[in-house]
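# A closer look at the structure
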Amino acid sequence: MSSYSEESPPSPSSSAATGAIACSSNPIPIPIQTDTKTLTWPENGELDLDWIENLISTFDWSSKNLPPSDFPSVLSVQVFDTLILTASKILHKEPNCLRIDPDDSSTVVVVGDLHGQLHDLIFLFGQAGFPSQNRFFVFNGDYVDRGAWGLETFLLLLAWKVFMPHRVFLLRGNHESKYCTSVYGFEKEVLTKYGDKGKHVYRKCLGCFEGLPLASIISGCVYTAHGGLFRSMPLTPSKRSKGKKKNRRLSFNSEPKSLSLGSLEELSKARRSVLDPPWEGLNLIPGDVLWSDPSMTLGLSPNKERGIGLLFGPDCTEDFLKKFNLKLIIRSHEGPDAREKRPGFGGMEEGYTIDHVVESGKLITLFSAPDYPQFQATAERYKNKGAYIILEPPNFDNPKFYSFEAIAPRPQVNAYYDYHDVIDSDEELDLAAMVTTSEGS
């Protein structure tokens, strides 16, 4: 069984005060921007590290010095279109479950929910180091919503994907959907920042969300996904398939008699290109992967609190690990607000919890947005740390945890959703509203 270790990272203030991004090994100097700088797409059509660094410094500067409505002055719609089209072409070609095979000279950084907290992401890059030929990054989804800089966060990650498509991997979270972004702020954020071009930009983002892969397997032994495990959707002969063999068709059995764990083969065949993963019907695997939660109760059961996805017990974790010869499951999806409603589970004070310890390995929940949520209705904040994981050779199955505090103070900005009325933990999903948003697309 894999062990785990903890590392003490440098304090956030050490890099935040200097204007440079401090890497854990080699500091990466980022130019301090002093006025508005309009980003242009490279003439040769290829991004490089200088362009990424300029993007970071420009986004950081504009978040502190410009009103949101001036965002097109630093990133025009034309540059946005080129970036998201280039990234979408790469993402849509990737499989549902990525196979990531680093060599013995490489490490893999796994990152959980970010939720539009741009400045904490910039610090994370400074501490963990930028993506490079020997430093892979796997992001577990939920780049947008709740935080005020979801667009900048998502675009920065897309730029890294375009620059290093075989070193940076972006998975889908439940918030990369039409329903969630219409409720938790991202849609309004985009409309505010791009004005009359906002609907166009938002539609392009939704199209890109549909292309995000669902899961990854790192070095053959670590499974990562936003929510977690998923059900089997067995193939059965259609009622209309009687007769000649050549006319027989296969269809998903929409109502299996009992829930059972799905296979990696089933995951590979699921249809992920949906605006909102369905909670009923024939295509349930994407919703399970994005919305499910671990449980201390044995077995699989419907996730009634969320209204979509599953609850899976430690026996399911053991079965999945053993069946596919895995050592770790790293999922995200639950911040401090969700965890305070989950008796029997650890809180998210350090940015991670180890939820299941079984014979074959462990299930870890990883959350990378510190002091979350950015906007909170109650006077008392959670003040949680964020965390990321580094997996090292030769086996990549002994996670090192790095916790970090939020960059403070954050730039002053208004929320893009009514955080007083919206349930913080995503519970009680409004299924009727999801149908409306999907049909209206």
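The rules behind these values
- Residues numbered from 1 in each chain as written.
- Predicted model: local features only at pLDDT ≥ 70, side-chain atom pairs only at ≥ 80, totals over all residues.
- Heavy atoms only, no water.
- Phe/Tyr/Trp six-rings, centres within 6.5 Å; stacked < 30°, edge-to-face > 60°.
- Helix = DSSP H or I, 4+ residues; strand = E, 2+ residues; numbered from the N terminus.
- Buried < 20%, exposed > 50% of the residue type's maximum accessible area, 1.4 Å probe, protein only.
- Lys NZ or Arg CZ within 6 Å of the ring centre and 35° of its normal.
- Pairing = 2+ DSSP bridges.
- Salt bridge = Lys/Arg side-chain N within 4 Å of Asp/Glu carboxyl O.

### Details of the packing of aromatic side chains
Evaluated as defined, the whole model comprises 26 aromatic pairs. Note on Phe-186 and Phe-209: the rings are 5.9 Å apart at their centroids and 45° apart in plane angle, and the pair reads as tilted. Remark: Phe-209 occurs in helix H8 (residues 198-211) and Phe-186 occurs in helix H7 (residues 186-194); sequence separation between them is 23 residues. Under the relative-accessibility criterion, Phe-186 is labelled buried at 0%. Its relative accessible area of 1% is what places Phe-209 among the buried residues. Connected via pairs of aromatic rings, a cluster forms that spans Phe-125, Phe-130, Phe-137, Phe-139, Trp-160 and Phe-163. If you follow Lys-193 out to its NZ or CZ, it ends over the ring of Phe-71, 5.8 Å from the centre. Against the face of Phe-345 rests Arg-342, its NZ or CZ located 4.3 Å from the ring centre.

### Some thoughts on the pairing of strand S16 (residues 386-391)
Within S16, 6 of the 6 residues are buried, leaving the element largely enclosed by the surrounding structure. Here S16 shows no split at all, with Gly-386, Tyr-388 and Ile-390 on one side and Ala-387, Ile-389 and Leu-391 on the other all buried. Strand direction decides the pairing type here: S16 and strand S17 (residues 400-404), joined by 5 bridges, are antiparallel. Looking at S17, one finds that Ile-390 is bridged to Lys-400.

### A look at the pairing of strand S14 (residues 352-358)
By the criterion of burial, S14 is predominantly enclosed, with 5 of the 7 residues buried. Across 6 bridges, S14 lies against strand S15 (residues 361-366) in antiparallel orientation. Across the sheet, the residue bridging to His-356 is Leu-363, located in S15. The antiparallel hairpin formed by S14 and S15 contains 2 residues in its connecting segment.

### Description of the pattern of salt bridges
Using the criterion set out here, one finds 18 salt bridges in the structure. Lys-193 is the salt-bridge partner of Glu-189, the closest N and O atoms lying 2.7 Å from each other. Here the residue Glu-189 and the residue Lys-193 both occupy positions in helix H7, the gap between them amounting to 4 residues, near one helical turn. In this structure, Glu-189 and Lys-193 share a single accessibility class: buried. In the salt-bridge network here, residues are joined through shared partners; they are Asp-293, Arg-306, Arg-331, Glu-334, Arg-339, Arg-342 and Asp-355.

### Focus on unusual backbone geometry
The omega torsion of the bond from Pro-393 to Pro-394 falls at 5°, within 30 degrees of zero and hence cis. The topology assignment puts Pro-394 in the loop between S16 and S17. Between Ala-408 and the following residue, Pro-409, the backbone shows a cis peptide bond with an omega angle of -5°. Along the chain, Pro-409 turns up in the loop between S17 and helix H13 (431-439). Positive phi is not limited to glycine here, since Asp-142 has a value of about 60°. Structurally, Asp-142 can be placed in the loop between strand S4 (135-139) and helix H5 (150-163). Unusually for a residue other than glycine, His-333 sits at a positive phi of about 80°. Position of His-333 relative to the elements: it lies in the loop between strand S13 (328-331) and helix H12 (336-339).

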